[in-house]
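An overview of the molecular structure
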Amino acid sequence: MVRSRITAAIALGANVGEPERSFKRALSLLERDGDVQILRRSHWHGTDAVGGPAAQPSYTNGAVLVETTLSPRTLLERLHGIEAHLGRDRANEERRGPRILDLDLLYAMDEDGAPLAEHGDGLHLPHPRMEERPFVLAPLKEVAPDQRLPRSGRSVTEQLDFLEQSGGLARLESPAEARAWCEAARAAGATIGFVPTMGALHEGHLELVRRAAMENDLACVSVFVNPLQFNDPADLEKYPRDLAGDARLLAEVGCAMVFTGSLEGFFPGELVDGELPAAAYIHPGPGAAGLEGEYRPGHLEGVATIVDRLFEVVEPTRAYFGAKDFQQCLVVQHVADRRGGRPEVVRCPTVREHSGIAMSSRNTLLKGAACEEALVISKGLHAAKAAWDAGERDVASLTRQLRDVVSVPGIDVEYAEVRDPGNWTLEAPGGALDRAVGLVAANVGGVRLIDNMEFDEGVR
Ligand code: PAF
């Protein structure tokens, strides 16, 4: 029987040992049995390591175009066998860590040039991440410059130009475009890590995006100052906005796509006189009882409603939220539970300035003395945590220690309370707790700030 031949592109990468020597040995092993012929080979390119643990040596990358009678799966097994033969231990290596040899199948075509699609059991054809990776595309351009890429529809050359101009970040302006982009990414077998934001990005957001990029094939971000969650129009008006600056930062941390939109774009045909009818709001669940639920009526309903719609648009594998917004995290988990447990909600530690203040887009609004005054919020939480660490378990005493620090001139405290994070209740619990979280909301110089600290965990 004459076996059909396929053409396939293979990416080579290494940053440990002698990459060029490993590549030469790998390619001669690949051709050894006579069933794979190398049609074209790129030069070897040096690139900085992208993602993964800090301070990795830079990479050497290359690409080859081969013709073979092997099936894509057998070809992939051959590549993995060669990696193992040359010293790679896939089972025990760090994710995106240093590599002695990385051989990836990028795409394959049948004899008529039709692309082959396969997803499952470790084989993903076409490769879900190749379109975002200049270090893959640059060598690929040497061996297949005109090859059309499945997701963008651009040729390898065009996609590389696009990445150079945009920093690899696709900027989309409507939920409809974002939906199509995400659908194509999922159809290509990619996992999506999603970070919903209201923009004015700071290091706290960027940490979420880095983690999303690390734990998923693609990271994507929404920037939408959601009017549904602002109970005070003046607060909505003055909320900081800087989309151009946000896009620059996102390109630097490996975000593949950012999208924005309008209320009409998120809820097409659902608005009445420009407003979303009450019946269209999603119930935020038990985590919305008290505190934020009480002081910002409607806020968490607005969060639940937009987050539900964002999840519907993106259908992410995982979604990343900062622990600073404690009740928001409870509400988001409730929204994900309502959606059948998807996406997986990842709650990430609060990122703090050196001064201790929790990072927030609103910090940019603090002026003059307010910058100093705001520090009592985290100091109060630290004081209560110190009491907890010293053995105090009584809610009344912990609350008193928190309030002693935060109740000072210049600070208009809305609430400073201690709750059981595992058993959220409308009213503050009494007596002793096994687990506790301190929560504060206060207006400082006209800026509303919130913060929290879980006492039985490390400082977050
Ligand atoms: O935390 C935020 O920035 C917002 O509440 C969110 C989750 C993006 C919803 O608008």
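1. Section: the overall build of the protein chain
Counting secondary structure elements, the protein chain contains 15 helices and 16 strands. The principal-axis extents of the C-alpha atoms in the protein chain amount to approximately 80 × 55 × 40 Å. For the protein chain, with 460 residues in total, the buried portion stands at 52%. Considering only contacts within the protein chain whose residues lie at least 6 apart along the sequence, 69% involve residues at least 24 apart. When the accessible surface of the protein chain is split by element, carbon and sulfur atoms take 50% of a total near 20400 Å². For the protein chain, the distance from the average position of its 49 positive side-chain charges to the average position of its 69 negative side-chain charges is 4 Å.

2. Here's the deal with the site of the ligand
The immediate surroundings of the ligand are formed by P196, T197, M198, N226, Q229, I306, F321 and Q328. Note that an oxygen atom of the ligand is positioned 2.6 Å from one of the side-chain N or O atoms of Q229. Contact distances for the ligand include 2.7 Å between an oxygen atom and a side-chain N or O atom of Q328. Surface burial for the ligand is 90%, taken as the share of its 290 Å² of free accessible area covered by protein chains. Mapping the ligand onto the cavity grids shows that it belongs to the largest cavity.

3. Some details on the pairing of strand β4 (residues 59–68)
With 9 of 10 residues buried, β4 lies mostly within the body of the structure. Pairing of strand β1 (residues 6–14) with β4, which is carried by 9 bridges, proceeds in the antiparallel orientation. Along β4, the bridge assignment pairs A8 with V66. Pairing between strand β2 (residues 36–41) and β4: 5 bridges, direction antiparallel. Paired with I38 across the strands is V66, a residue of β4. The pairing of strand β3 (residues 45–47) with β4 spans 3 bridges and is classified as antiparallel. Within the sheet, the bridge partner assigned to H45 lies in β4 and is N61.

4. Regarding the nonpolar core
Counting residues in hydrophobic clusters, the biggest one holds 40 residues, and the most contacted among them are W181, M257, F259 and F311. The element best represented in this core is helix α11 (residues 299–314), accounting for 9 residues. If we skip the residues at most four places from it in the chain, F311 touches F194, P316, A319, F321, V332, V335, A336, R339 and P343.

About the cut-offs
- Residues numbered from 1 in each chain as written.
- Predicted model: local features only at pLDDT ≥ 70, side-chain atom pairs only at ≥ 80, totals over all residues.
- Heavy atoms only, no water.
- Helix = DSSP H or I, 4+ residues; strand = E, 2+ residues; numbered from the N terminus.
- Buried < 20%, exposed > 50% of the residue type's maximum accessible area, 1.4 Å probe, protein only.
- Contact = heavy atoms within 4.5 Å.
- Areas by Shrake-Rupley, 256 points an atom, 1.4 Å probe, with all protein chains shown as cover.
- Lys, Arg positive; Asp, Glu negative; His and termini not counted.
- Charge placed at Lys NZ, Arg CZ, Asp CG, Glu CD.
- Near = heavy atom within 4 Å.
- Polar contact = N/O pair within 3.5 Å; in protein donor to acceptor, adjacent residues only side chain to side chain.
- 1 Å grid on protein atoms, 1.4 Å probe; cavity = no way out; pocket = protein on both sides within 12 Å on 5 of 7 lines; lining within 4 Å.
- Sits in = over half its atoms within 2 Å of the grid points.
- Pairing = 2+ DSSP bridges.
- Core = buried A, V, L, I, M, F, W, Y, C linked by side-chain atoms within 4.5 Å.

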